[in-house]
Amino acid sequence: MNTEYEFMPEAEDKIVYIRAVEVADLPKDVQEQAMGIERLYAVHDANGTRLALVKDRNMAFILARQHDLAPVTVH
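Residues numbered from 1 in each chain as written. Predicted model: local features only at pLDDT ≥ 70, side-chain atom pairs only at ≥ 80, totals over all residues. Heavy atoms only, no water.

Looking now at the pairing of strand S1 (residues 15-22). Looking at chain direction, S1 and strand S4 (residues 70-73) are connected through four bridges and run parallel. Note that in S4 the partner of Ile 15 across the bridge is Ala 70. (Pairing = 2+ DSSP bridges. Helix = DSSP H or I, 4+ residues; strand = E, 2+ residues; numbered from the N terminus.)

The structure is reproduced here in C-alpha coordinates:
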(Lines give C-alpha, C1' and ligand atoms only; values in the text may rest on other atoms or scores of the structure.)
Protein backbone atom coordinates (compact mmCIF):
# COMPACT_ATOMS: atom_id res chain seq x y z
CA MET A 1 0.00 0.00 0.00
CA ASN A 2 1.56 3.26 -1.12
CA THR A 3 -0.88 6.05 -0.43
CA GLU A 4 0.29 9.63 0.00
CA TYR A 5 -0.94 11.28 3.13
CA GLU A 6 -0.59 14.97 3.94
CA PHE A 7 0.53 14.83 7.54
CA MET A 8 -0.78 17.74 9.60
CA PRO A 9 -1.58 19.99 6.63
CA GLU A 10 -2.38 23.05 8.70
CA ALA A 11 0.39 22.60 11.26
CA GLU A 12 2.13 25.77 10.14
CA ASP A 13 -1.06 27.75 10.72
CA LYS A 14 -1.22 26.50 14.30
CA ILE A 15 2.24 27.64 15.41
CA VAL A 16 2.41 30.78 17.55
CA TYR A 17 5.47 32.47 18.93
CA ILE A 18 5.87 33.60 22.53
CA ARG A 19 8.31 36.37 23.37
CA ALA A 20 8.99 38.74 26.23
CA VAL A 21 8.15 42.39 25.58
CA GLU A 22 9.28 45.33 27.68
CA VAL A 23 6.26 47.44 28.63
CA ALA A 24 8.32 50.58 27.93
CA ASP A 25 8.46 49.53 24.24
CA LEU A 26 4.67 49.35 23.93
CA PRO A 27 2.27 52.19 23.03
CA LYS A 28 1.39 54.58 25.87
CA ASP A 29 -2.20 53.33 26.19
CA VAL A 30 -0.93 49.78 26.73
CA GLN A 31 1.69 50.99 29.21
CA GLU A 32 -1.03 52.63 31.28
CA GLN A 33 -2.95 49.35 31.43
CA ALA A 34 0.12 47.37 32.54
CA MET A 35 -0.22 48.77 36.10
CA GLY A 36 3.45 48.74 37.09
CA ILE A 37 4.43 45.53 35.31
CA GLU A 38 7.77 45.91 33.50
CA ARG A 39 7.57 42.90 31.18
CA LEU A 40 4.69 41.20 29.39
CA TYR A 41 4.61 38.21 27.06
CA ALA A 42 3.34 38.53 23.52
CA VAL A 43 1.74 35.79 21.45
CA HIS A 44 2.36 36.26 17.71
CA ASP A 45 1.15 34.31 14.68
CA ALA A 46 3.51 33.10 11.94
CA ASN A 47 3.17 36.44 10.12
CA GLY A 48 4.27 38.40 13.19
CA THR A 49 0.83 39.75 14.04
CA ARG A 50 0.45 40.19 17.78
CA LEU A 51 -2.51 38.14 18.96
CA ALA A 52 -2.29 38.76 22.69
CA LEU A 53 -0.32 40.28 25.53
CA VAL A 54 -0.35 38.44 28.85
CA LYS A 55 1.19 38.86 32.28
CA ASP A 56 3.54 35.87 32.32
CA ARG A 57 5.14 33.24 30.09
CA ASN A 58 3.18 30.35 31.53
CA MET A 59 -0.10 32.14 30.86
CA ALA A 60 0.97 32.75 27.25
CA PHE A 61 1.53 29.02 26.71
CA ILE A 62 -1.76 28.11 28.39
CA LEU A 63 -3.65 30.66 26.30
CA ALA A 64 -2.15 29.30 23.08
CA ARG A 65 -2.91 25.68 23.95
CA GLN A 66 -6.48 26.50 24.97
CA HIS A 67 -6.96 27.79 21.43
CA ASP A 68 -5.46 24.63 19.87
CA LEU A 69 -2.27 26.42 18.91
CA ALA A 70 1.31 25.16 19.22
CA PRO A 71 3.39 27.72 21.16
CA VAL A 72 7.16 28.06 20.73
CA THR A 73 9.52 30.47 22.44
CA VAL A 74 11.37 33.19 20.54
CA HIS A 75 14.59 34.46 22.13
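Looking now at the pattern of salt bridges. Taken as a whole and assessed by the stated rule, the structure comprises one salt bridge. Notably, a salt bridge pairs Arg 39 with Glu 22, separated by 2.9 Å at the nearest N-O pair. Taken as a pair, Arg 39 in strand S2 (residues 39-44) and Glu 22 in strand S1 lie far apart in primary sequence, 17 residues in all. Relative accessible area serves as the criterion here: at 41%, Arg 39 is assigned to the partly exposed category. (Salt bridge = Lys/Arg side-chain N within 4 Å of Asp/Glu carboxyl O. Buried < 20%, exposed > 50% of the residue type's maximum accessible area, 1.4 Å probe, protein only.)

Right, let's talk about the side chain of His 44 for a bit. Tracing the chain through its elements places His 44 in strand S2. Within the structure, the side chain of His 44 is placed 3.1 Å from the backbone oxygen of Gly 48, a separation counted as a polar contact. Ignoring any residue separated from it by four or fewer positions in sequence, one finds His 44 in contact with Val 16, Tyr 17, Arg 19, Thr 49, Arg 50 and Leu 51. (Polar contact = N/O pair within 3.5 Å; in protein donor to acceptor, adjacent residues only side chain to side chain. Contact = heavy atoms within 4.5 Å.)

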